Amino acid sequence: MDGLPRRDINSAKSSSIAIGEVTPLVRKANSSHDDLGTNRPTKPRPSYWYAVIPLSFTVFAASGILPSLIDLMNKVLCDRYYDSPSEVDKGALDLSARKCDIPEIQSLVATAQAIFHFLIHASTLGVVSYYGHLSDTKGRVFVFRSSVFGGLLMILMLALTALYPQTFGLSLVFIGAFLRGVFGGDPGLMAAVKAYIADCTDPKERTIAFGRLLASALCATVLGSNFASFIIKATASTSSIFYVALVIVSAILAFSFLIPESVHTHTQQNKVDELSFWDKLNIARSVRTLLTIKTYRVSRMAMPLIATVSFLSSIIVFPPILLYAMLTLGWSAFQAGLLMGAMAFSKLIMSTAIVPMLTKFAIGDGNDTGRILRYNIWMTRIGCFFVAMEMFAIGLARTNSELFIAVLIGSFAMLSLPSVQSLMTTVIDPADVGKVLGASAALDTIGLLIAQLGLNALYSATLAFCPPLTFYVCGVVGLMACACAFLIHPRQDSQSSNSSRE
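Residues numbered from 1 in each chain as written. Predicted model: local features only at pLDDT ≥ 70, side-chain atom pairs only at ≥ 80, totals over all residues. Heavy atoms only, no water.

K.L.:
Can you explain the overall build of the protein? Please cite residues and give values.
P.N.:
Scanning the protein for helices and strands turns up 22 helices and zero strands. The proportion of buried residues among the 502 residues of the protein is 50%. Taking the intrachain contacts of the protein between residues at least 6 apart in sequence as the baseline, contacts between residues at least 24 apart amount to 82%. If you sum the accessible surface of the protein, you get close to 23500 Å²; carbon and sulfur atoms cover 66% of it. (Helix = DSSP H or I, 4+ residues; strand = E, 2+ residues; numbered from the N terminus. Buried < 20%, exposed > 50% of the residue type's maximum accessible area, 1.4 Å probe, protein only. Contact = heavy atoms within 4.5 Å. Areas by Shrake-Rupley, 256 points an atom, 1.4 Å probe, with all protein chains shown as cover.)

The following block contains the structure:
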C-alpha cells in the first residue's frame, strides 16, 4: 500500500462506501485478487441461482407431502374412532370392514388439518420478524438453513408417525408443525431467498430473477406432485413419500453449508444491532418499520402501500376454486386435475416467457432506475387488476369453458408478483432488506391465516344460498390491492445518489 498514491487510496475507500441500488451488493468481478493486488483463495461467487435451485428442490419435496399427510391423518383418526371406548361395537368390526370416509371421521380429519396449518402459521408469525433481523446481521444463508432444518424436523415427525401410528397418534404431527413454524416456516424461507436474490442482482435483473424464482417453484410443484404419485404407486404405500422427502431435504440442508453468503461485508460490518431479542420478536414493532423505513426515489407512503398490496394478495392466493368447481359445476377429480395443470402451465409460460420479454422491451439495456421503478409499478397495477378480474370471472362462470377462461385470466397475475418483490427491495437501503422482508412476511402470514380460516368459513356459510359470494369478496380484495398499487408513485424530485444511501 505504501507504493500507492494517496489519492488512489482515498478513491478506493470512497468506492467501497458508495454502494447503491444500481450495483448489486455482491461484486460481479470474477477475480481472485482484491483491489490492492493481494492474493486470496478462490471462493464461489454468489449468484441468485444458489438460492433458486435449493428452494426448487425444497418445493419439489414438499409438494407431494400434503396428500400423504391427509391420508396419514385419515388412517390414524379412523383407527382411533373405531378403537375408542365409546365405539366398542364398531371396534369389533374386521379391519377391512371399517369405513373411514364417513362424515364423523372426515370432520375429525378436517379439524386436524386446520390445527396443523394453524400451528405452522401461528408459530411462524411469532418469529418471522426475528428471522428478518437475523437475515441482516447473521446472513441470508443462516436463515435459509434454519428454515430448511425446521422442514426436516417436520418431515421426520411425519415419518415417525407413519411408522408408529398407534404409539404417537397425531401428537408428533402437531409438534412437527409447530417446529416448522418456530424455525421460520415458508415465509421465513421465502424472505431469506428473496433477500439473497436482492443482494446478487441490480434493479434491472431483479424482476427477471424473481420471475425465474416463481417459475422454478411452479415447475417443482408440478414435477414433485407427479413424482410423489409415481413413488406411492411403485411402493403401494402413501407414507413412502415421507422417507423420500426426508432424504431430499437432508441433501438440501447439507448443500446449504456450501452456499456462499450473499450479504456484502460492508453491510455486515456496519450493521448496528440496537434491538433486543424481545424487540425483534415484537410483530407490531416489526410491522411499524414498514411505516418508518426510509425509502428512496418513491413517495413517502410507498413502502406501506407495497406491503399492503402483498398482504391483500396473500389473502386471496388460495381461494376454494377446486371445491367450488366440484360442488357447483359437478366436476370430477380428472377435470379438477386438468384445471390445476392448465393453471400451472399458463403461469409457467407467463413467468418464463412473457415477464422476461416485457422486462427486456420496457427497460432495455440501460440502468435507468426511474424507468425500472415505473415499469415495476405498472406491472404491479396490471397484475392486481387481473387478479380481481379472475375472482369475479370465477364467480360468474356457469360452464366448464368459462371457468377455464377465468383461471387463464388469472395467469396475468404473474405480472405483479416479481414486480412487487423487486419494488420492495429496490426502494430501501440494502442493509434493511432482511428486516423489511421479515416484516412483510409477518403481514403475509396473517393474510394466509385469514385465507385459511376466513375464506373457508365464508364459503361454508354461503354455500347454500350464494356459492360465488366468496369469489366476489376476493374480487373486491383484489380491487383494493389494485387501488393501493395506483397510489404508489416515483418521486420526481428525488436526489438519490449512491452515497446518500449510506
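Still to come is the rest of the account.
K.L.:
I'd like a description of the nonpolar core, backed by residues and values.
P.N.:
The biggest cluster of nonpolar side chains holds 60 residues, and the ones touching the most others in it are Leu290, Met303, Leu339, Ile394, Leu403, Ile428 and Val436. Other than its neighbours up to four places away in sequence, isoleucine 394 contacts Ile321, Tyr324, Leu403, Ala406, Val407 and Phe471. Judged by nonpolar contacts, the second largest core, of 57 residues, contains Ile65, Leu72, Leu152 and Ala192. (Core = buried A, V, L, I, M, F, W, Y, C linked by side-chain atoms within 4.5 Å.)

K.L.:
Tell me about the state of the cysteines, and name the residues and values.
P.N.:
Per the stated rule, a full pass over the model turns up zero disulfides. With no disulfide of its own, cysteine 482 lies 6.0 Å from the sulfur of cysteine 384, the closest cysteine sulfur. With relative accessibility at 8%, the residue cysteine 482 sits in the buried group. (Disulfide = S-S within 2.5 Å.)

K.L.:
Residues and numbers for the packing of helix H3 (residues 65-83) against helix H11 (residues 240-256), please.
P.N.:
One can describe the packing of H3 onto H11 by two numbers: an axis separation of 9 Å at closest approach and a directional angle of 140°. Taken together, the axes of H3 and H11 are oblique relative to one another. In the packing of H3 onto H11, the handedness of the crossing is left-handed. Taking contact as the criterion, the partners of Ile65, Ser68, Leu69 and Leu72 in H3 are, on H11, Ile241, Phe242 and Ala245. The residue makeup of the contact of H3 with H11, split by class, is six nonpolar, one polar and no charged. (Axes fitted to C-alpha atoms, helices over the stretch in contact; angles between N-to-C directions. Parallel < 35°, antiparallel > 145°, perpendicular 65-115°, else oblique. Left-handed = near helix turned anticlockwise from the far one by under 90°. Nonpolar A, V, L, I, M, F, W, Y, C, P; charged D, E, K, R; others polar.)

K.L.:
Describe the pattern of salt bridges, listing the residues and the values that go with them.
P.N.:
Overall, the coordinates contain three salt bridges when judged by the stated rule. For arginine 140, the salt bridge is made with aspartate 199, and the minimal N-O distance between the two is 2.8 Å. With a gap of 59 residues between them, arginine 140 in helix H6 (residues 140-163) and aspartate 199 in helix H9 (residues 185-200) connect regions that are remote in the sequence. Judged on exposure class, the residue arginine 140 and its partner aspartate 199 are both buried. With a closest N to O distance of 2.6 Å, aspartate 186 and arginine 180 form a salt bridge. (Salt bridge = Lys/Arg side-chain N within 4 Å of Asp/Glu carboxyl O.)

K.L.:
Any details on the packing of aromatic side chains? Residues and values, ideally.
P.N.:
The full count for this structure, using the stated rule, is nine aromatic pairs. On the basis of an interplanar angle of 80° and a centroid distance of 5.2 Å, the ring pair of phenylalanine 149 and phenylalanine 183 is categorised as edge-to-face. Of this pair, phenylalanine 149 sits in helix H6 while phenylalanine 183 sits in the loop between helix H8 (171-182) and H9, placing them 34 residues apart in sequence. The class for phenylalanine 149 is partly exposed, based on a relative accessible area of 32%. In textbook terms, an aromatic cluster arises when at least three aromatic residues are bridged by ring pairs, as seen for Phe385, Phe386 and Phe412. Cation over ring: arginine 145 sits above phenylalanine 257, and NZ or CZ is 4.2 Å from the ring centre. Sitting above the plane of the tryptophan 378 ring, arginine 381 keeps its charged end 4.7 Å from the centroid. (Phe/Tyr/Trp six-rings, centres within 6.5 Å; stacked < 30°, edge-to-face > 60°. Lys NZ or Arg CZ within 6 Å of the ring centre and 35° of its normal.)

K.L.:
Tell me what's going on with the environment of alanine 344, and back it up with residues and numbers.
P.N.:
Secondary-structure assignment places alanine 344 in helix H17 (residues 333-363). C-alpha of alanine 344 to C-alpha of serine 411: the two residues are 67 residues apart in sequence and 8.5 Å apart in space. Ignoring sequence-local partners within four residues, the contact set of alanine 344 consists of Leu218 and Val222.

K.L.:
Give me a nonpolar patch on the surface: which residues, what numbers.
P.N.:
Where nonpolar side chains cluster on the molecular surface, the patch consists of Leu163, Tyr164, Phe168 and Tyr243 and spans about 370 Å² of accessible area. Mapped onto the fold, tyrosine 243 is located in helix H11. Note on tyrosine 243: relative accessible area 31%, which makes it partly exposed. (Patch = residues over 30% accessible without salt bridge, like charges linked within 9 Å, V, L, I, M, F, W, Y side chains within 5 Å.)

K.L.:
I'd like a rundown of the side chain of serine 147, residues and numbers included.
P.N.:
Of note, serine 147 is situated in helix H6. What makes serine 147 buried here is its relative accessible area of 1%.

K.L.:
How would you sum up the side chain of threonine 426? Please name residues and give values.
P.N.:
Inspection of the secondary structure assignment puts threonine 426 in helix H20 (residues 416-426). Reaching out from threonine 426, the side chain makes a polar contact with the side chain of arginine 206 at a distance of 3.3 Å. (Polar contact = N/O pair within 3.5 Å; in protein donor to acceptor, adjacent residues only side chain to side chain.)

K.L.:
How would you sum up unusual backbone geometry? Please name residues and give values.
P.N.:
Glycine aside, negative phi is the norm for most residues, and most peptide bonds take the trans geometry. Backbone geometry at alanine 236 places phi at a positive 55°, although glycine is not the residue there. Residue placement: alanine 236 occurs in the loop between helix H10 (203-235) and H11. Unlike most non-glycine residues, arginine 297 shows phi in positive territory, near 70°. Relative to the assigned elements, arginine 297 resides in the loop between helix H14 (283-292) and helix H15 (302-315). With relative accessibility at 11%, the residue arginine 297 sits in the buried group.

K.L.:
Before we move on, can you summarise H14 with the specific residues and values?
P.N.:
Taken residue by residue, H14 has Ser286, Thr289 and Leu290 as its buried positions. Buried positions in H14, seen along its axis, are confined to an arc of 105° and lie on one side of it. (Arc of directions from axis to C-beta.)

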